[in-house]
Amino acid sequence: MVPVRAVELSAAEWDETQPVDAANRLVLELYDREHVSLRRYLLYLGVDPETAAETLQETFLRLHKHLLGGGNQSNLRAWLYRVAHNLARNAQTSFRASRTGDLSEANARQEIADTIATPEERFLAREEEVRFAEALAKLSAAQKSCLLLRSQGLKYREIAEALNLSISTVGENVQRGLERLKELL
Amino acid sequence: MNKPMHPDNSVLIRHLDGELAGEEWVRVDTHLACCPECRARQLEFRDLSSGIEAALRAVPARASAAERVQLGEKLAEAPRSASSSVIVLRRFGWGMALAAGLALAVLLAPLTSKAPRTKTVADTQRALAAVSSGININGETFIALPYSDPALPLNASRIVEMQVPVSALAEAGVAVQPSWNGNGDGTVAANVLLGIDGQPLGIDVLGAD
Ligand SMILES: [Zn+2]
């Protein structure tokens, strides 16, 4: 796993005399850095692409407000995942995956194929990745979220913050999720 | 020497994820060095983790350039006169940190009686004294505050200049100087040393010596 460090702001980056400009700059910088990972996370949870796009817009606008309001800047990455996760969950009364519970393998395969746009990309979706996607679709929603956030380099403490779980529950979900994957693959 | 027990999956995974604390980490690390079975078991979890990463990366997540433009436009519409609200809300944020910190201060305060007591300035002053007498960073001395874990490394701290309510400082157990009411609104300009956890670790009131 490649650990990705949480974004830290230094006092030098944050220009107190121009808070609006500083906030705009930082929001766009974070958007450029994080939107692909955030979008993948949402799509993987079964959020449709339009809802994912809207969710991301709203998430980054809220980040802007959060920064201007002097909110805690110590872990903006976990903050982004938490807000995006909750907004998407509210937008789609339930994620597709959790509604259907255990997706059939055919469904999971189709879901991956559906999100892939061009024939070349369809070709590039390797058998291995499809197998993992199918197995992941069989985990509980909490196990899947924890494993996905972990694979984005979030520490357990950050995952706990993003999903509003205790750190020990995150640890349990990671463990049970990996054990289940091991059985399935 | 007895062969120590094999760590269970939960421990092996937390070791893999860098989620074990010092002593436990050393114990597991030492065990792994001499136990091929556990190494193999941990390797399986590592490969599974790489597989999840690859599966996630395979999801195409290209955004249209229009989405970024749209976000930029919405940001530009944000109120231009946010400065005053920034200060007000920052003060609020500071207050929240103090409130959270007070709970800690009560825990740190030496208990002279076993009965639960309400927190007093005296308690927090004692707590402060217990934390540290001062923090020196590049020649600037900060009065220690009890909110950030003093054990956290200082190198990731940052210093932010802000307006801090004098009353909040008094509550935090800082001995308030009469000359600190310079702003006339009950606040004082100070460099605040924020710990790696984002909580105030120390304070240097500007213009006070
Ligand atoms: Zn062993």
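Because the structure is a prediction, the values reported are computed rather than measured.

### Regarding the overall build of chain B
When you go through chain B residue by residue, the secondary structure sums to 7 helices and 5 strands. Reading the helices (α) and strands (β) of chain B from amino to carboxyl end gives α-α-α-α-α-α-β-β-β-α-β-β. By the burial criterion, 39% of the 209 residues in chain B qualify as buried. At a minimum sequence separation of 6, the contacts of chain B that also span at least 24 residues come to 61%. Looking at chain B as shown, the accessible area adds up to about 11,600 Å², and 58% of this sits on carbon and sulfur atoms.

### Looking at the packing of aromatic side chains
Residue and element names in this part refer to chain A. Counted by the stated rule, this structure contains 2 aromatic pairs over all chains. Considering the side-chain rings of tyrosine 31 and phenylalanine 60, the 5.1 Å spacing of their centres and the 75 degrees angle between planes classify their relative orientation as edge-to-face. Residue tyrosine 31 is located in helix H1 (residues 19–44), and its partner phenylalanine 60 is located in helix H2 (residues 49–68); the two are separated by 29 residues in the primary sequence. A residue is classified by how much of its surface remains accessible, and phenylalanine 60, at 0% relative accessible area, is buried.

### Quick look at the nonpolar core
Phe60, Leu63, Leu178 and Leu181 of chain A are the most contacted members of the largest nonpolar core, which has 56 residues in total. With residues near it in sequence (within four places) discarded, leucine 178 of chain A still touches Leu147 and Arg150 of chain A together with Ile13, Phe45, Leu48, Ser49 and Ile52 of chain B. Counting 14 residues, the second-largest nonpolar core is a separate cluster that includes Leu169, Ala172, Val192 and Leu194 of chain B.

### Re the packing of helix H8 (residues 141–151) of chain A against helix H9 (residues 156–163) of chain A
All names here are of chain A. One can describe the packing of H8 onto H9 by two numbers: an axis separation of 10 Å at closest approach and a directional angle of 130 degrees. In this view, H8 runs oblique relative to H9, as classed from their interaxial angle. Handedness of the H8/H9 crossing: right-handed. Contact residues: H8 offers Ser145, Cys146, Leu149 and Arg150, while H9 offers Tyr156, Ile159, Ala162 and Leu163. Looking at the contact of H8 with H9, its residues break down into 6 nonpolar, 1 polar and 1 charged.

### Digging into unusual backbone geometry
All names here are of chain A. With a phi close to 55 degrees, asparagine 164 is a non-glycine residue in the positive phi region. Mapped onto the fold, asparagine 164 is located in the loop between H9 and helix H10 (167–184). By relative accessible area, which is 70% here, asparagine 164 ends up exposed.

### What about the pattern of salt bridges?
Working definition: two side chains of opposite charge can pair if their charged atoms are close together. One pass over the full model with this rule turns up 13 salt bridges over all chains. A salt bridge links glutamate 44 of chain B to lysine 182 of chain A; its shortest N-O distance comes to 3.5 Å. Separated into two different chains, glutamate 44 of chain B in helix H3 (residues 36–57) and lysine 182 of chain A in helix H10 make up a pair that spans both. By relative accessible area, glutamate 44 of chain B is classed as partly exposed at 38%. Across the pair glutamate 24 of chain B and arginine 27 of chain B runs a salt bridge whose closest N-O atoms are separated by 3.7 Å. Of the two residues, glutamate 24 of chain B and arginine 27 of chain B both sit in helix H2 (residues 22–34), 3 residues apart, roughly one turn of that helix. The partly exposed category is assigned to glutamate 24 of chain B, whose relative accessible area is 26%.

### Some thoughts on the pairing of strand E4 (residues 187–194) of chain B
Within a regular beta strand, the side chains point alternately toward one face of the sheet and then the other, so they alternate between its two faces. Residues and elements named next belong to chain B. Taking burial as the measure, the 8 residues of E4 include 8 buried ones, the bulk of the element. A two-sided burial pattern is seen for E4, the buried positions comprising Thr187, Ala189, Asn191 and Leu193 on one face and Val188, Ala190, Val192 and Leu194 on the other. Bridge count for E4 against strand E5 (residues 200–205) is 5 bridges, and the pairing is antiparallel. Bridged to alanine 190 within E5 is valine 205.

### Observations concerning the coordination of the zinc ion
All names here are of chain B. Within the protein, the atoms that donate to the zinc ion are His6 (ND1), His31 (NE2), Cys35 (SG) and Cys38 (SG), at distances of 2.0 to 2.3 Å. For the zinc ion, the 4 donor atoms are set out with angles of 103 to 113 degrees between them, so the coordination reads as tetrahedral. Overall, histidine 31 belongs to the buried group, its relative accessible area being 5%.

### Some thoughts on the environment of leucine 26 of chain A
Note that leucine 26 of chain A resides in helix H1. Placed 38 residues apart in sequence, leucine 26 of chain A and histidine 64 of chain A show a C-alpha to C-alpha distance of 8.4 Å.

### Considerations on the packing of H8 of chain A against H3 of chain B
Packing of H8 of chain A against H3 of chain B brings their axes to within 9 Å, and their N-to-C directions diverge by 85 degrees. Judged on the interaxial angle alone, H3 of chain B and H8 of chain A are roughly perpendicular. The residues of H3 of chain B that touch H8 of chain A, namely those facing Leu147, Leu148, Arg150 and Ser151 of chain A, are Ser49, Ile52, Glu53 and Leu56 of chain B. Its residues placed into classes, the contact of H8 of chain A with H3 of chain B shows 4 nonpolar, 2 polar and 2 charged.

### Describing the confidence of the model for chain B
Residue and element names in this part refer to chain B. Per-chain confidence: chain B averages 70 in pLDDT, with 58% of residues scoring 70 or above. At the level of individual helices and strands, chain B shows its lowest average pLDDT in helix H5 (residues 83–108), which scores 41, and its highest in helix H1 (residues 9–16), which scores 96. Scored below 50 in pLDDT, residues 81–96 makes 26 contacts in the model with residues more than four places away or belonging to other chains. Low pLDDT (under 50) marks residues 98–132, which in the prediction has 40 contacts with non-local residues, meaning those over four places away or in another chain. As a predicted assembly, this complex carries a pTM of 0.58 together with an ipTM value of 0.74.

### Describing the confidence of the model for chain A
All names here are of chain A. Confidence in the prediction of chain A, expressed as mean pLDDT, is 78, and 72% of residues score 70 or more. By mean pLDDT, the top-scoring element of chain A is H10 (97), and the lowest-scoring one is helix H4 (residues 96–100) (43). Low pLDDT, under 50, characterises residues 116–120; the predicted model gives this stretch 5 contacts beyond four residues in sequence or across chains.

Analysis parameters
- Residues numbered from 1 in each chain as written.
- Chains lettered and ligands numbered in written order.
- Predicted model: local features only at pLDDT ≥ 70, side-chain atom pairs only at ≥ 80, totals over all residues.
- Heavy atoms only, no water.
- Helix = DSSP H or I, 4+ residues; strand = E, 2+ residues; numbered from the N terminus.
- Buried < 20%, exposed > 50% of the residue type's maximum accessible area, 1.4 Å probe, protein only.
- Contact = heavy atoms within 4.5 Å.
- Areas by Shrake-Rupley, 256 points an atom, 1.4 Å probe, with all protein chains shown as cover.
- Phe/Tyr/Trp six-rings, centres within 6.5 Å; stacked < 30°, edge-to-face > 60°.
- Core = buried A, V, L, I, M, F, W, Y, C linked by side-chain atoms within 4.5 Å.
- Axes fitted to C-alpha atoms, helices over the stretch in contact; angles between N-to-C directions.
- Parallel < 35°, antiparallel > 145°, perpendicular 65-115°, else oblique.
- Left-handed = near helix turned anticlockwise from the far one by under 90°.
- Nonpolar A, V, L, I, M, F, W, Y, C, P; charged D, E, K, R; others polar.
- Salt bridge = Lys/Arg side-chain N within 4 Å of Asp/Glu carboxyl O.
- Pairing = 2+ DSSP bridges.
- Donors = N, O, S within 2.8 Å, 3.2 Å for Na, K, Ca; no water.
- Tetrahedral: all angles 85-135°; square planar, octahedral: opposite > 155°, others 65-115°.
- pLDDT = per-residue confidence, 0-100.

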